[in-house]
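# Fold and geometry: a report
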Amino acid sequence: MSTKMSAIHNKIGHFPRELEDESIYIMREVAAQFDRPALLFSGGKDSITLVRLAQKAFFPGKIPFPLVHIDTGHNFPETIEFRDWLAKETGAELIVRYVQDSIDQGKATEERGKYASRNVLQTVTLLDTIEEFKFDACIGGARRDEEKARAKERIFSVRDDFGQWDAKRQRPELFDMLNGRISVGENVRVFPISNWTELDVWNYIKEEKMEIPSIYFAHQRQVIQRDGMLWADSEYLNKEADEIPFETTVRFRTVGDMTCTAAVSSHAVDIDVIIEEILSAEISERGARIDDKRSEAAMEKRKQQGYF
Amino acid sequence: MDILRIATAGSVDDGKSTLIGRLLYETNSITKDKIEALESASKRKGLNFLDLSLLTDGLIAEREQGITIDVAHIYFSTPTRKYIIADTPGHIEYTRNMVTGASNAKVSLILVDARQGIVEQTARHLSIASLLRIPKVIICVNKMDLVQYQESKFNEIRDKLSELVRKTTFQGQTVSYLPISSLFGQNITKKAVEMPWFNGNTLLEELETFEFAETLAQAPARFPVQFVVRPMTEAYHDYRGYAGKISSGTFKVGDEIRVLPTGQTSTIATIEKFEKSLDQAIAGESIVMTLTNDIDISRGNSIVLASETNVPSLKDFSAHVCWLDHQALSPGKTYLLQHGIHVTKAKITQITERLDVTQQTSTTEVGQLNLNEIGKISLRTAQAISADVYAENPSNGSFILIDEFSNSTVGVGFVV
């Protein structure tokens, strides 16, 4: 085994518990400092992790704020099914608002073309939902390791009534003291898993034996090939004439809309294999830029590790 | 697996970006596509080596566009621990960002250019590291390649640095000096083949072997109550749990406790973490505590051990303060003071000193404290706060000041 591969193996299954303590502390600060907080739930692994943390923070009490899902109408059915199950399981209140309603009200316009998605349109519905319920804090699952601008994001991030982030007006955050004071019209986005990496999230899911939607695991699916990526075929995907769907074994590394989430070729049926896949993918590529040469290298590494 | 938080600060010229890039590179934390991008970018610049400083280049561009110079967080891990680097790029005047970035750090990484030796910034960093009671300082004498890896050059700088350190350090702080070359990876994660005369640790060894958790667990026990859990369900009809994160020390089931500021006493019945019951919990852990009898406790109260005779309770006190806002601190003004999670009004009665952190001197009779200045103030709070002297128990000795009108965090204080 090369040193790189043994370094990978050493990183498996080590979740720093301090991260959970920190996130639970943040959850409790939200409940204490705000009148009407909400947890933005997308059905993805990060927001599932948030729900778990909220559950732990207030146990044996219930989660003292609602889960809010902005439903684009293009979600994977498995995600919706999972969402409803999780809300029932935790006893949390679930609020769903629909992008379709914003479109019908003329507040948002459907995109055209083969890349059309409702990803951007979600913001309109979200801001309306914040206004409707007068939410003063919205908990989200963004992490600082995702990209450079996020690396500078605060844990309590103050937004104006248009939901805008002003990088120049960020409050300094010192020690673990969180200042959630806001003026009328402002609200706060809260990121309890700011200091987690993608690997931390997966190790946590594993250690906590958490349920996640089935589409994170390998399954048979109709897909099309586009820009070197595998796109799930669905009635919402605008296909061109030469984009012929075919069936293959895939899983999803991140879960968003059916129109903007690419699948990866995978036979990972349990969480250990998923973590190994992510680790080898981390070495060779991060993000969704899949080109043939690189996915081949990733495959080679996976094979070196001995599965299938 | 634990987490070690590191703060760096200083000018880019010291090679800080390259150092961070090198650490990430040699710990396999950089993805292959990023390395490929680095290779081609380095070639385009006509370099025959990997320019690792380009990894944090986005931040430099941001700075050039005039966006607030701010703390960025960078993550990497080894089989031993996870590391969080608070990277505080900035010009010499950005004391505010250094303090912010360093507030959570257990290690301060200070870079010195081997050609230049000590500069004003070095002294500033050392002072701030001590003001914040950062237990470990690693001074990296960088760019040793540009002084032909001479031992005499390193010794000369180290001796001057030790003189400076003698003025700033405190008991319990360890300071180490490493000759390194970030550019050529000498003494970062691998022993420096170019400097066989150096027998000390590499930078990574210094980080991997540093132990810090124990001291916090042994500090006086402090448990600020964040949230009262009252499920009021059938199964938990009379349940009343006090949720919070232990700021210092250790609590055990059966310990007699006292609630501050009310002074009521009780005994710990259970310590819980979700569905688990624990015998004890230590600093840093988020727990729920239940007591043997019902007493009135609300958010902002602090739980300490009843056996402790000298419990902290401050209403009129002094503190060092670093000012973070464009609007200066003036005596007589009222702010909100947040100590941990407890918020109360505070009036600044006097500014007694302004510190010159580079000269280790201070001036008295100060009219106001401006952005980035550090001074000593006297203040009076509406309610007593259960804060310790910062130097004695850092995790319970700091506070922030909030402007009542703008709601901004405008200052950070350290109880003296």
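Residues numbered from 1 in each chain as written. Chains lettered and ligands numbered in written order. Predicted model: local features only at pLDDT ≥ 70, side-chain atom pairs only at ≥ 80, totals over all residues.

## Overview of the overall build of chain B
Put simply, the rule reads: Numbered from the N terminus, helices here are DSSP runs of H or I no shorter than four residues, and strands are runs of E no shorter than two. For the radius of gyration, the atom set is restricted to C-alpha positions; the globular benchmark scales as 2.2 Å times the number of residues to the power 0.38. Labels follow a simple rule on C-beta atoms placed from the backbone: if 20 or more others lie within 10 Å of a residue's own, it is buried; if 12 or fewer, it is exposed; otherwise it is partly exposed. Residue pairs are scored as contacts if the distance between their C-beta atoms, which are placed from the backbone, is within 7 Å.
On a plain count of helices and strands, chain B comes out with 8 helices and 23 strands. Over its C-alpha trace chain B gives a radius of gyration of 24 Å, about what one expects of a compact globule, namely 22 Å for 416 residues. In terms of overall dimensions, chain B has a C-alpha envelope of 70 × 55 × 40 Å along the principal axes. When burial is assessed residue by residue, chain B has 46% of its 416 residues classed as buried. Within chain B, counting contacts between residues at least 6 apart in sequence, those at least 24 apart form 70% of the total.

## What about helix α2 (residues 17-33) of chain A?
The test is simple: Each helix should span, by expectation, one fewer than its residue count multiplied by 1.5 Å.
Taking 1.5 Å of rise per residue, 17 residues should cover 24 Å, and α2 of chain A covers 25 Å from first to last C-alpha, within 8% of that figure. With 13 of 17 residues buried, α2 of chain A lies mostly within the body of the structure.

## Thoughts on the packing of helix α3 (residues 45-58) of chain A against helix α7 (residues 198-207) of chain A
Residue and element names in this part refer to chain A. Quick reminder of the rule: Note on definitions: angles span 0 to 180 degrees between N-to-C directions of axes, and those axes are lines fitted to C-alpha atoms, for helices only across the stretch in contact. Convention used here: angles under 35 degrees read as roughly parallel, angles over 145 as roughly antiparallel, angles from 65 to 115 as roughly perpendicular, and any remaining angle as oblique. Left-handed describes a crossing in which the near helix is turned anticlockwise from the far one by less than a right angle; the clockwise case is right-handed. In this count, Pro and Cys sit with the nonpolar residues alongside Ala, Val, Leu, Ile, Met, Phe, Trp and Tyr, while Asp, Glu, Lys and Arg are called charged and the others, Gly among them, polar.
For the pair α3 and α7, interaxial distance at closest approach is 10 Å and the crossing angle is 55°. Taken together, the axes of α3 and α7 lie oblique to each other. Crossing handedness for the pair α3 and α7: left-handed. Of α7, the residues touching α3 (which contributes Lys45, Asp46 and Thr49) are Val201, Tyr204 and Ile205. When its residues are assigned to classes, the contact of α3 with α7 shows 3 nonpolar, 1 polar and 2 charged.

## Some details on the sheet that holds strand β8 (residues 229-232) of chain A
All names here are of chain A. What counts is decided by this rule: We treat two strands as partners when DSSP finds at least two bridges between them.
The antiparallel closed barrel is built from 4 strands, whose spatial order is β7-β8-β10-β9. Across the sheet, the axes of successive neighbouring strands diverge by a mean angle of 70°, strand direction being ignored. Relative to β8, strand β7 (residues 219-226) runs antiparallel, the two being bridged by 4 bridges. By the bridge assignment, Arg226 is partnered in β8 with Met229.

## Description of helix α4 (residues 95-102) of chain B
When you tally the buried positions in α4 of chain B, you get 8 out of 8 residues, the bulk of the element. For α4 of chain B, the full list of buried residues reads Thr95, Arg96, Asn97, Met98, Val99, Thr100, Gly101 and Ala102 of chain B.

## Let's talk about the packing of helix α5 (residues 120-131) of chain B against helix α6 (residues 151-168) of chain B
Residues and elements named next belong to chain B. Across the interface, α5 lies against α6 with an axial gap of 10 Å and an inter-helix angle of 35°. Two packed elements cross with a definite hand, and for α5 against α6 that hand is right-handed. Contacts between α5 and α6 pair Ala123, Leu126, Ser127 and Ser130 from the former with Leu164, Val165 and Thr168 from the latter. Along the lines of polarity and charge, the residues of the contact of α5 with α6 split into 4 nonpolar, 3 polar and no charged.

## Describing the domain arrangement of chain A
All names here are of chain A. The cut-off we apply is this: Where each domain starts and ends comes from a domain assignment, either automatic or drawn from a database.
Looking at chain A, the domain boundaries give domain 1 (15-200) and domain 2 (212-304). The distance between the C-alpha centroids of domain 1 and domain 2 comes to 26 Å. Mapped onto the side of domain 1 that touches domain 2, the elements with two or more residues apiece are α3, α4 (77-90) and α7. Of the residues forming the side of domain 1 that touches domain 2, the biggest block, 3 residues, is contributed by α4. When its residues are assigned to classes, the side of domain 1 that touches domain 2 shows 5 nonpolar, 9 polar and 5 charged.

## Regarding the domain arrangement of chain B
Often, the extent of an interface is quoted as the loss of accessible area upon association of its parts. Residue and element names in this part refer to chain B. Once the domains are mapped, chain B shows domain 1 (2-211), domain 2 (217-305) and domain 3 (314-415). Computed over C-alpha atoms only, the centres of domain 2 and domain 3 are separated by 29 Å. Taken together, the contact pairs 13 residues of domain 2 with 9 residues of domain 3. Looking at side-chain class alone, the side of domain 2 that touches domain 3 contains 6 nonpolar, 5 polar and 2 charged residues.

## Let's talk about the pairing of strand β19 (residues 342-356) of chain B
Residues and elements named next belong to chain B. Bridging between strand β18 (residues 334-339) and β19 involves 6 bridges; their strand directions are antiparallel. Within β19, the residue paired with Leu337 across the bridge is Thr344. Between β18 and the antiparallel strand that follows it, β19, lie 2 residues; Gly340 among them carries a positive phi value of about 65°. Here β19 runs beside strand β21 (residues 374-385); their pairing, made up of 8 bridges, is antiparallel. Residue pairing in the sheet places Arg354 in a bridge with Gly375 of β21. Bridge count for β19 against strand β20 (residues 361-364) is 4 bridges, and the pairing is antiparallel. Note that in β20 the partner of Glu353 across the bridge is Thr364.

## A word on the sheet that holds strand β4 (residues 137-139) of chain A
All names here are of chain A. Reading across from one edge, β3-β2-β1-β4-β6-β5 is the order of the 6 strands in this open sheet, with mixed pairing throughout. Two strands lie at the open edges of the sheet, namely β3 (94-98) and β5 (156-159), each paired on one side alone. On average, adjacent strands in this sheet sit at an angle of 30° to one another, irrespective of strand direction. As judged from the 3 bridges shared by strand β1 (residues 37-40) and β4, these two strands associate in the parallel manner.

## Looking at the interface of chain A and chain B
The interface of chain A with chain B comprises 46 residues on the first partner and 50 residues on the second. When residues in the side of chain A that touches chain B are grouped by element, the largest group, 8 residues, is from α2 of chain A. Residue composition of the side of chain A that touches chain B, grouped by class: 18 nonpolar, 9 polar and 19 charged.

## Considering the environment of Gln171 of chain B
By secondary structure assignment, the location of Gln171 of chain B is in the loop between α6 and β6 (174-179). Residues Gln171 of chain B and Tyr25 of chain B lie 146 residues apart in sequence; the distance between their C-alpha atoms is 35 Å.

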